[in-house]
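Given next are the chains, with one letter for each unit.
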Amino acid sequence: MPAAADRVRPANPQDVDAAVETLGQAFADYSWIRHTVAADDHGQRVRRMQRLFFEHIGLVHGSAWVSDDVSAVAVWTTPDTDVAAAFAPLAEAAAEISGDRAEFSARAEEAMNPHRPTTPVWFLGTVGVRPDVQGRGLGKAVIQPGLDAAEKAGVPAFLETSEEGNVRLYEKLGFTITAEVRLPDDGPTTWCMVREPVR
């Protein structure tokens, strides 16, 4: 069987449905999303949100990689991403997906903004591995191309996680914690993490 890294490729539009399913399963009980997305029809809302990000951000304005069977997915914005142009058209749809949690989502974003980079960075916006294939190295493998691109460009890689268990996994990839933020409205603690390029 080939190594996990040998089974990773750039994503393409034909991957959308499978990627959305993978990300929907991976984020079904994720703390940030439970806090910011309405409980009614939650699973479908999560899939709609992940579709927006994968299809309209990753494929159009950023970079995305998948495993060969799309059981692992990573989506980044890059130093070339015009964040305002990329996200502004999606704001109304994102608020509708959040439903009765839209105000919580807005306050969570406000709380995180001071801790986010203002200089060029590769920002890991979402990464997920289908639950039935976790533990096989696919998460690391699908993240690695973005880390390599950031290293080549000489800029940091950045991410946020609301699961304490993920912190150690990212530390193994060279990330360090830059902020620990308790979200308002009894939201989850969220960690900001940066991986600096080797100078």
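Worth saying up front: this structure is predicted, and the values here are computed from it rather than measured.

### Considering unusual backbone geometry
With glycine set apart, most residues show a phi of negative sign, and most peptide bonds adopt trans.
Turning to step 1, where the next piece is worked out: Look at Val-70: it is not a glycine, yet its phi comes out positive at around 60 degrees.
Turning to step 2, where the next piece is worked out: Within the secondary structure, Val-70 sits in the loop between strand S2 (63-67) and strand S3 (72-77).
Turning to step 3, where the next piece is worked out: On the basis of relative accessibility, which here comes to 5%, the residue Val-70 falls in the buried class.
Turning to step 4, where the next piece is worked out: Despite not being glycine, Asp-186 shows a phi value in the positive range, around 60 degrees.
Turning to step 5, where the next piece is worked out: Mapped onto the elements of the fold, Asp-186 is located in the loop between strand S6 (176-182) and strand S7 (189-195).

### Observations concerning the pattern of salt bridges
Turning to step 1, where the next piece is worked out: If you walk through the whole model with that rule in mind, you get 12 salt bridges.
Turning to step 2, where the next piece is worked out: One salt bridge in this structure joins Glu-21 and Arg-47, with 3.1 Å as the shortest N-O distance. Separated by 26 residues along the polypeptide, Glu-21 in helix H1 (residues 16-26) and Arg-47 in helix H3 (residues 42-58) bring together distant segments of the chain.
Turning to step 3, where the next piece is worked out: On the basis of relative accessible area, Glu-21 is assigned to the partly exposed category, the value being 33%.
Turning to step 4, where the next piece is worked out: Between Arg-45 and Asp-40 there is a salt bridge, and its shortest N-O distance comes to 3.0 Å.
Turning to step 5, where the next piece is worked out: Exposure remark for Arg-45: the relative accessible area of 12% places this residue in the buried category.
Turning to step 6, where the next piece is worked out: Residue classification places Asp-40 among the partly exposed residues on the basis of a relative accessible area of 44%.
Turning to step 7, where the next piece is worked out: Within this structure, Glu-103, Arg-107 and Asp-185 form a network of salt bridges that share partners.

### Details of the sheet that holds strand S5 (residues 157-161)
Turning to step 1, where the next piece is worked out: Pairing is mixed across the open sheet formed by seven strands, whose spatial order is S1-S2-S3-S4-S5-S7-S6. Two strands lie at the open edges of the sheet, namely strand S1 (8-10) and S6, each paired on one side alone. Ignoring which end each strand starts from, the neighbouring axes of this sheet average 25 degrees apart.
Turning to step 2, where the next piece is worked out: Against the sheet, H1 engages S3 and strand S4 (122-129), with an angle of about 85 degrees to S4.

About the criteria used
- Residues numbered from 1 in each chain as written.
- Predicted model: local features only at pLDDT ≥ 70, side-chain atom pairs only at ≥ 80, totals over all residues.
- Heavy atoms only, no water.
- Helix = DSSP H or I, 4+ residues; strand = E, 2+ residues; numbered from the N terminus.
- Buried < 20%, exposed > 50% of the residue type's maximum accessible area, 1.4 Å probe, protein only.
- Salt bridge = Lys/Arg side-chain N within 4 Å of Asp/Glu carboxyl O.
- Pairing = 2+ DSSP bridges.
- Axes fitted to C-alpha atoms, helices over the stretch in contact; angles between N-to-C directions.
- Contact = heavy atoms within 4.5 Å.

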